[in-house]
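Topology and contacts: notes
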Amino acid sequence: MTWGPLFALAGYCLELLAGVRAHAGLWLLVGAGLLALTALWVYARRRFLSVRLTGTELWQGGEQLPVDRIAAVDDVEAPPGTRVLGGGLGVPRRFAEVPLRLTDGTVVLAWARDGAALREALRSGLRDRA
């Protein structure tokens with residue numbers, strides 16, 4: 001998160017080295033603005049791209065799915081237009097999709113950086129439930 005302020009400091013130092021009037025106030029505003037944007041970006045990534053699996057719930061971004069609503073993890077085909085958990089329009093980039101069949105027969109797309117690990121953890125949870 002310190003890249004923005006470091007770039008602003010570098011800009012200020014370059015102005016000093018160039019021999020022109022350095023604008024310290026302007027560089028402080030630039031550094032604070034870049035820090036605020038970076039903090040907002042990190043917060044959003046942590047909030048909306050988080051995956052958490054407990055014994056009772058699967059959290060995908062801001063959406064919670066009770067594990068007892070999951071009927072199948074293996075051999076599930078996701079038809080086009082399948083709803084993505086977490087409220088996004090699609091599976092986030094660099095995340096693997098894991099199709100899940102729910103107890104009401106619908107199919108949803110879960111996602112994780114390591115799709116195989118999520119699938120195995122869900123299988124384990126389904127075995128324990130049975």
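So, a few notes on the structure that sits alongside this text. Not measured: the values here are computed from a predicted model.

On to the side chain of Gln60, then. With respect to the secondary-structure elements, Gln60 resides in strand 2 (residues 57–60). You can call Gln60 buried: its relative accessible area is 1%. A polar contact is formed between the side chain of Gln60 and the backbone nitrogen of Trp111, at a distance of 2.8 Å. When residues no more than four places from it in sequence are discounted, the contact partners of Gln60 are Ser50, Val51, Leu85, Gly86, Ala110 and Trp111.

One pass over the full model with this rule turns up two aromatic pairs. When the centroid spacing of 5.3 Å and the interplanar angle of 90° are considered together, the rings of Phe95 and Trp111 count as edge-to-face. Of the two residues, Phe95 sits in the loop between strand 5 (83–84) and strand 6 (96–102) while Trp111 sits in strand 7 (residues 107–112), which places them 16 residues apart along the sequence. Residue Phe95 is classed as buried on the basis of its relative accessible area of 13%. Residue classification places Trp111 among the buried residues on the basis of a relative accessible area of 2%.

With 16 residues, helix 1 (residues 3–18) extends 22 Å from end C-alpha to end C-alpha; this agrees with the ideal 22 Å at 1.5 Å per step. Listed as buried for helix 1 are Gly4, Ala8, Gly11 and Glu15. All buried residues of helix 1 fall inside an arc of 55° around its axis, so they share one side. Helix 1 presents Trp3, Leu14 and Leu17 as exposed residues on the side facing more than 90 degrees away from its buried surface. At its buried positions, helix 1 is contacted by helix 2 (24–48). Following helix 1 by one or two positions, Gly19 has its phi on the positive side, about 85°.

What follows is about the side chain of Glu15. With respect to the helices and strands, the residue Glu15 is situated in helix 1. Although buried, Glu15 forms no salt bridge, and the nearest oppositely charged side chain, Arg21, lies 8.1 Å from it. Separated by 3.1 Å, the side chains of Glu15 and Trp27 make a polar contact. The residues contacting Glu15, other than those within four sequence positions of it, are Val20, Arg21, Ala22, His23 and Trp27.

What counts, and where the lines are drawn
- Sequence positions are assigned chain by chain, starting from 1 and proceeding in written order.
- pLDDT decides what is reported in this predicted model: residues at 70 or higher carry local features, side-chain atom pairs at 80 or more are listed and counted, and totals for whole chains, interfaces and linings draw on all residues regardless.
- Excluded from the side-chain calculations are hydrogens and water; all other atoms, namely the structure's heavy atoms, are used.
- The secondary structure listing takes helices from DSSP runs of H or I that are at least 4 residues long and strands from runs of E that are at least 2 residues long, numbered from the N terminus.
- Only protein chains enter the accessibility calculation, which uses a 1.4 Å probe; a residue is then buried when its area is under 20% of its type maximum, exposed when over 50%, and partly exposed in between.
- Here a polar contact is recorded for every N or O atom pair within 3.5 Å, except that within protein the pair must consist of a potential hydrogen donor and a potential acceptor, and residues adjacent in sequence are included only if both atoms are side-chain atoms.
- Between two residues, a contact is recorded if the distance between any of their heavy atoms is within 4.5 Å.
- For Phe, Tyr and Trp, where Trp contributes only its six-membered ring, two rings pair if their centres lie within 6.5 Å, and the inter-plane angle classes them as stacked under 30 degrees, edge-to-face over 60, or tilted in between.
- In this scheme, a helix's expected span is set at 1.5 Å multiplied by one less than its residue total.
- Each direction from the helix axis to a C-beta atom contributes to the arc, which is the arc of those directions.
- When charges are counted, neither His nor the chain ends are considered; positive counts come from Lys and Arg and negative counts from Asp and Glu.
- Think of a salt bridge as a Lys or Arg side-chain nitrogen and an Asp or Glu carboxyl oxygen that are within 4 Å of each other.

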